[in-house]
Amino acid sequence: MNQKTYYIETYGCQMNVYDSELVSNMMKLSGYKQTNDLEAADAIFLNTCSIREKAEETVHNRLNNFQHLKRKKPSMLIGVLGCMAQNLKDVLLEDKPYVDIILGPDSYRNLPKIIKDRSKTSEHLVDTKLSKFEIYDDLFPARTEGVNSWVSIMRGCDKFCTFCIVPFTRGRERSRPIDSIISEIKDGVKDGFVEFTLLGQNVNSYKTPDGKFPTLLDEVAKIEGVKRLRFTSPHPRDVDDHMLQVMSKHDNICNQIHLPLQAGSDRILKRMNRTYTSTEFLNLVDKIRQYIPSCALTTDIIVGFPGETEDEFLETLSVVEKVEFNSAYMFKYSSRPGTKASQYDEHITEDEKQDRLERLIDLQLNKTLIQNKKHIGKISNVLVEKVSKKSNDQWSGRTEGGTWVVFDKTNEKIGDIIDVKIDDARGVTLFGSRTYQGYNYEVA
Ligand code: SAH
Ligand code: SF4
Ligand code: F3S
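The present account deals with the structure reproduced in this document. (Residues numbered from 1 in each chain as written. Chains lettered and ligands numbered in written order. Predicted model: local features only at pLDDT ≥ 70, side-chain atom pairs only at ≥ 80, totals over all residues. Heavy atoms only, no water.)

### Focus on the pairing of strand β10 (residues 195-199)
Then step 1. In terms of burial, β10 is a largely internal element, five of the five residues being buried.
Then step 2. On β10, burial covers both faces: Glu 195, Thr 197 and Leu 199 on one face and Phe 196 and Leu 198 on the other are all buried.
Then step 3. Bridge count between strand β7 (residues 148-152) and β10: five bridges; the pairing is parallel. Residue pairing for β10: Ser 149 is matched across the bridge by Phe 196.
Then step 4. Relative to strand β13 (residues 228-232), β10 runs parallel, the two being bridged by five bridges. Note on β13: the bridge partner recorded for Leu 199 is Thr 232. (Buried < 20%, exposed > 50% of the residue type's maximum accessible area, 1.4 Å probe, protein only. Helix = DSSP H or I, 4+ residues; strand = E, 2+ residues; numbered from the N terminus. Pairing = 2+ DSSP bridges.)

Laid out in structure tokens, this is it:
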């Protein structure tokens, strides 16, 4: 008999990418092989995201397309996993009867049993119980390619920002023991990965009896073969001196921090329940730059939060002006049913949100270019990650700060960390050339 196959598509954040790797591992253990051929697959999974309405719409449209696949091949299993499964199981059950399996983010351990049972029943199989304990500690992800390996160190979020669905879809915060994280990373090194990114919805709220986030960071940085170490997403509130000391002590911890600002007005930050003021945020930026002068800073910003006035939006622009982030993810506020902010009145019109978003993007793209141009004429440490999309004769790699650099191939290979001289900065990308010993450039 031919081996059964599964197909998986992932939406949303890196936690979902990691979780899809866990699911892949479980499917492989259940005797399935991964395929990219959607129509031929015996099981199709969508690992979904609920963060904004648009993310959900994309998945709804995708699922509608699957209806005809199921008609052609009734034995095909269709599974919805992740945050939408958690958040919208009733809607899915009602509107999309051809969906067979609905599993929330804490229920993947049950997948092999569900797959087995599914052949015996024609009922939908739904499991969206959130757990206080599930950290998938003993289940290792099935990684396939690339130089970077994602490593989940904590799950869930207890911060309850008023706009955000994550605490509802992912449940309470829980951290994984240091030993098991270290052993997963050592295995990753053996498998040839050189960059490791520690993941968590609030990565630096990590806390176990054996230590908090800075202790873990210190331990991981010491592992032989970890050439680059990153983490995402930290919460500004949990960035402390110890974390910054550890970062400045280890060369292999990338000088980059993703520091989500969300808004620049204190009134809006309070309504968002972000627990810092704009002055505290700016002081934190100063402190980070004292510890790590070359630290790249990236951020997330929401425009058009309910009640945000034009002047309050201008305060966001003013913080962006002052900090000069290297790059930013910028979003229009999207109301998420069930969150506190969705009940606030004074919702901002779509046109106004769009206008504010465009003005913010204009400013930030300018800042990105200013930051990137500072590298011109200097040497950057670049990890060779993949062949450039533009040409087969060029590589794409990232600086420590996370900026993509495109340069002509010479004798290097994927996974090497090399010196590249930056010649130009256009859009959000740097362009460079290899350097050879004997040149004397200033290091960026
Ligand atoms: N835990 C991370 C964020 C995870 S969600 C943190 O606190 O930084 C990623 C980003 O999506 C958030 O930082 C926020 O900018 C954005 N986001 C979350 N909910 C949103 C909503 N309802 N509308 C628009 N953007 C949202
Ligand atoms: Fe959402 Fe706030 Fe938690 Fe981040 S910290 S996941 S924005 S609730
Ligand atoms: Fe989306 Fe869930 Fe991540 S809502 S952003 S996939 S935690």
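### Examining the site of ligand 2
Then step 1. The immediate surroundings of ligand 2 are formed by Cys 157, Lys 159, Phe 160, Cys 161, Phe 163, Cys 164, Val 166, Pro 167, Asn 202, His 235 and Arg 274.
Then step 2. Across the shell around ligand 2, the residue classes break down as seven nonpolar, two polar and two charged. (Near = heavy atom within 4 Å. Nonpolar A, V, L, I, M, F, W, Y, C, P; charged D, E, K, R; others polar.)

### Concerning helix α11 (residues 278-291)
Then step 1. Helix length check: α11, at 14 residues, gives a terminal C-alpha distance of 20 Å against a target of 20 Å (1.5 Å per residue), a fit within 8%.
Then step 2. Listed in full, the buried residues belonging to α11 are Ser 278, Phe 281, Leu 282, Leu 284, Val 285 and Ile 288. Projected down its long axis, α11 shows its buried positions confined to an angular sector of 155 degrees, all on one face.
Then step 3. In the core, the buried residues of α11 are packed alongside α9 (241-249), β14 (256-258), α10 (266-272), β15 (296-303) and α12 (310-323). (Expected span 1.5 Å × (residues − 1). Arc of directions from axis to C-beta. Contact = heavy atoms within 4.5 Å.)

### A closer look at the nonpolar core
Then step 1. Counting residues in hydrophobic clusters, the biggest one holds 66 residues, and the most contacted among them are Ile 153, Leu 198 and Leu 217.
Then step 2. In this structure, Val 23, Met 26, Ile 114 and Tyr 136 belong to the second largest nonpolar core, which totals 23 residues. (Core = buried A, V, L, I, M, F, W, Y, C linked by side-chain atoms within 4.5 Å.)

### Observations concerning helix α1 (residues 14-29)
Then step 1. Between its first and last C-alpha atoms α1 spans 23 Å; for 16 residues at 1.5 Å apiece the expected length is 22 Å, and the two agree.
Then step 2. In terms of burial, α1 is a largely internal element, twelve of the 16 residues being buried.
Then step 3. All of the buried residues along α1 are Met 15, Asn 16, Tyr 18, Asp 19, Ser 20, Glu 21, Leu 22, Val 23, Ser 24, Asn 25, Met 26 and Met 27.
Then step 4. Within two residues after α1, Gly 31 carries a phi angle of roughly 95 degrees, on the positive side.

### Some remarks on the site of ligand 3
Then step 1. As a structural note, the neighbourhood of ligand 3 is formed by Cys 13, Asn 16, Thr 48, Cys 49, Ser 50, Ile 51, Cys 83, Val 166, Arg 170 and Gln 201.
Then step 2. Among the residues forming the shell around ligand 3, the class breakdown is five nonpolar, four polar and one charged.

### Comments concerning the packing of helix α8 (residues 213-221) against α9
Then step 1. Put simply, α8 and α9 touch, their axes get as near as 8 Å, and they point 10 degrees apart. By the angle between their axes, α8 is roughly parallel relative to α9. The handedness of the crossing between α8 and α9 is left-handed. Within the contact between the two elements, α8 uses Phe 213, Pro 214, Thr 215, Leu 217 and Asp 218 and α9 uses His 242, Met 243, Val 246, Met 247 and Lys 249.
Then step 2. Its residues assigned to classes, the contact of α8 with α9 shows six nonpolar, two polar and two charged. (Axes fitted to C-alpha atoms, helices over the stretch in contact; angles between N-to-C directions. Parallel < 35°, antiparallel > 145°, perpendicular 65-115°, else oblique. Left-handed = near helix turned anticlockwise from the far one by under 90°.)

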